[in-house]
Structures are given as C-alpha cells and as structure tokens.
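# Topology and contacts: notes
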Amino acid sequence: MVETLSIAVIGAPGVGKTSIIRQFIYNDFSEAYTPTRSRYVHRPSVILNGNMYELKVLDVPPITSFPASASQEWLDLRCRGVRNANAYILVYDICCVESFEYVKMIRQQIVENREGSSSEVPILVVGNKRDLQRQRFMPRRAVSVLVKKTWKCGYVECSAKFNWHVVLLFKELLGIAVARGMRQNHTSIRLQGALQRNRCTVM
Ligand code: GDP
Ligand code: MG
C-alpha cells in the first residue's frame, strides 16, 4: 500500500513557497512574482529508502492565522486541509525579519491549536533565498539553534532560485514524518537524484 502524506507549506507572502514547490516537482523557477491567491494541491510521488510515498503538498496562500477550529478551516477555502496536515513546512526569507516573525507566530498556533499528541506534528522551518545571504538579518547558526533547541523543529536553508537544498528539505521532513508516524528506523537516507519526467523523486 502506498502511504499518503499531506504537507502544508505556509509562510508570509513572497518568501518563495510556490518557488520551492515548483522547483521540487517541476525543476522550474520564475523570477517574476505571481502571488498565490488560492490554495493549490500538488501530488508528487517520492521514493525514500525504497518505499514509495504519495505526497499531497498544499501551497497555502497567505493566511492571517492558523485555523483555530475545524469550522474556521471549513469556512475559509484557503485553509482547507491545513489543520490535519501530517507535516508542515514553514518558509521565511532569510533577509526579511517580518517573515521570520510570521513563521514564529504560525508555529506557536500550530502547537496550540492542534489537539493532544497531534501537536507534536513534524514541523520544518525553511530559510529560503540563501543566495542572498549577504543581506540576511541573523546568522544562520543563531537561527538554527533557536529553531532546533527552543522550538523543537527541524531547520534547513535553501535557495529555490538555484535549486540548492530543495530536495534535501523534503527528504528531511519526510524522514522525520516517517520515523514518527510509522515508527520505522531509517538509518541511512541516500539522495539519488530527481526524476522529473514522471514527477517522482528518488530521495
Ligand atoms: P510565495 O508568495 O511565498 O509563493 O513566493 P514565490 O514563490 O511566488 O516567490 C516570490 C518571489 O521571490 C519571486 O519573484 C521569486 O522569483 C523570488 N524567489 C523565490 N525563491 C527565491 C530564491 O531562492 N532566491 C531569490 N533570489 N529569489 C527567490
Ligand atoms: Mg505563492
């Protein structure tokens, strides 16, 4: 049976959420900024350690807060599926402190609004636009320590523009989700490259 994992990608406008997803699935990048107005679901398949997973990647348009209840989620089309996602990618722009504040707020709301053990859902914080790192607002090490030690989330920096660490971040998140959800121990995760033609990435 193929396991399906839904991953919600959330972050402030313009941080590069759509670019990361498009680079991961289609090996495509656009300099032009087209704001995402409605929620979009991508369904790539990936192979991790010989197992196939179907991902449901939600490109979430800007939301002011994480939906506090099922009814709130139902009423706001942009957030459909966000509360019950199996994992979260929270993206910020390493040059924009406000986008980091947004991620901080959403992470807090995820932990508060998801009930019981589901509040321990895997969350990966992603610092995008690494290619512009001379303009970053905080050293990488400081952010990484804060996110990993205090927030207990994973942390990866990437550049959607140069496809740097994009596959890695999905691999990292899937690795955490698989380890937690299915209680399997994957000792080695090997990146074998992306197969773009059939939209299946071997990780
Ligand atoms: P979203 O609103 O979070 O979905 O952001 P988009 O993916 O639409 O990207 C917003 C803008 O940032 C676009 O003009 C992209 O070309 C640009 N962008 C995205 N990722 C990167 C990156 O890694 N480096 C640079 N320099 N620009 C990026
Ligand atoms: Mg977008």
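Let me begin by describing the structure that accompanies this report.

About the thresholds
- Residues numbered from 1 in each chain as written.
- Chains lettered and ligands numbered in written order.
- Predicted model: local features only at pLDDT ≥ 70, side-chain atom pairs only at ≥ 80, totals over all residues.
- Heavy atoms only, no water.
- Near = heavy atom within 4 Å.
- Polar contact = N/O pair within 3.5 Å; in protein donor to acceptor, adjacent residues only side chain to side chain.
- Areas by Shrake-Rupley, 256 points an atom, 1.4 Å probe, with all protein chains shown as cover.
- Helix = DSSP H or I, 4+ residues; strand = E, 2+ residues; numbered from the N terminus.
- Nonpolar A, V, L, I, M, F, W, Y, C, P; charged D, E, K, R; others polar.
- Phe/Tyr/Trp six-rings, centres within 6.5 Å; stacked < 30°, edge-to-face > 60°.
- Buried < 20%, exposed > 50% of the residue type's maximum accessible area, 1.4 Å probe, protein only.
- Core = buried A, V, L, I, M, F, W, Y, C linked by side-chain atoms within 4.5 Å.
- Contact = heavy atoms within 4.5 Å.
- Donors = N, O, S within 2.8 Å, 3.2 Å for Na, K, Ca; no water.
- Axes fitted to C-alpha atoms, helices over the stretch in contact; angles between N-to-C directions.
- Parallel < 35°, antiparallel > 145°, perpendicular 65-115°, else oblique.

## Overview of the site of ligand 1
Around ligand 1, the surrounding shell holds 21 residues, and the nearest of these are Lys17, Ser19, Ser30, Glu31 and Asp131. Interatomic distance of 2.7 Å between a side-chain N/O atom of Lys17 and an oxygen atom of ligand 1. In the model, an oxygen atom of ligand 1 is placed 2.7 Å from a nitrogen or oxygen of the Ser30 main chain. Across the complex, the protein chains shield 92% of the 580 Å² of accessible surface that ligand 1 would expose by itself. Considering every element that reaches the shell around ligand 1, the biggest residue donor is helix α1 (residues 17-26), with three residues. The residue inventory of the shell around ligand 1, partitioned by class, reads eight nonpolar, eight polar and five charged.

## Some points on the packing of aromatic side chains
Remark: the centre distance and the inter-plane angle together describe each pair of aromatic rings, the angle taken between the planes. Applying the stated criterion across every chain, the model contains seven aromatic pairs. Here the aromatic rings of Tyr92 and Phe100 are separated by 4.8 Å at their centres, their planes lie at 65°, and the arrangement is edge-to-face. You'll find Tyr92 and Phe100 in the same group, each marked buried. The structure contains a cluster of three or more aromatic residues connected by ring pairs, namely Tyr92, Phe100, Phe137, Trp151 and Tyr155.

## So, the nonpolar core
Grouped together as the largest cluster of nonpolar side chains are 57 residues, with contacts concentrated most on Ile10 and Tyr88. Considering each element in turn, this core owes the most residues, eight residues, to helix α5 (residues 166-181). When neighbours within four sequence positions are excluded, Tyr88 is seen to be in contact with Ala8, Ile10, Phe66, Val82, Arg83, Ile110, Arg114, Val121, Pro122, Ile123, Leu124 and Leu173.

## A few points about the coordination of the magnesium ion (ligand 2)
Reference values for angles at a metal are 109.5 degrees in the four-donor tetrahedral case and 90 or 180 degrees in the six-donor octahedral case. Every protein donor of the magnesium ion (ligand 2) is listed here as Thr18 (OG1) and Thr36 (OG1), and their distances to the metal cover 2.0 to 2.1 Å. Remark: Thr36 occurs in the loop between α1 and β2 (40-42) and Thr18 occurs in helix α1; sequence separation between them is 18 residues. Using a relative accessible area of 27% as the deciding quantity, one classes Thr18 as partly exposed. Taking relative accessible area as the criterion, Thr36 reaches 23% and is therefore assigned partly exposed.

## Remarks on the packing of α1 against α5
At a minimum axis separation of 9 Å, α1 and α5 run at an interaxial angle of 90°. Between α1 and α5, the interaxial angle falls into the category roughly perpendicular. On α5, the residues that touch Ile20, Gln23 and Phe24 of α1 are Val166, Val167, Leu169 and Phe170. Across the contact of α1 with α5, the residue classes break down as six nonpolar, one polar and no charged.

## Regarding the side chain of Glu157
Of note, Glu157 is situated in strand β7 (residues 154-157). Within the structure, Glu157 has its side chain in polar contact with the side chain of Arg136 (distance 2.6 Å). In this structure the side chain of Glu157 is engaged in a polar contact, spanning 2.5 Å, whose partner is the side chain of Tyr155. Leaving out residues up to four positions away in the same chain, Glu157 has contacts with Tyr92, Ile94, Gly127, Arg130, Arg136, Arg140, Trp164 and His165.

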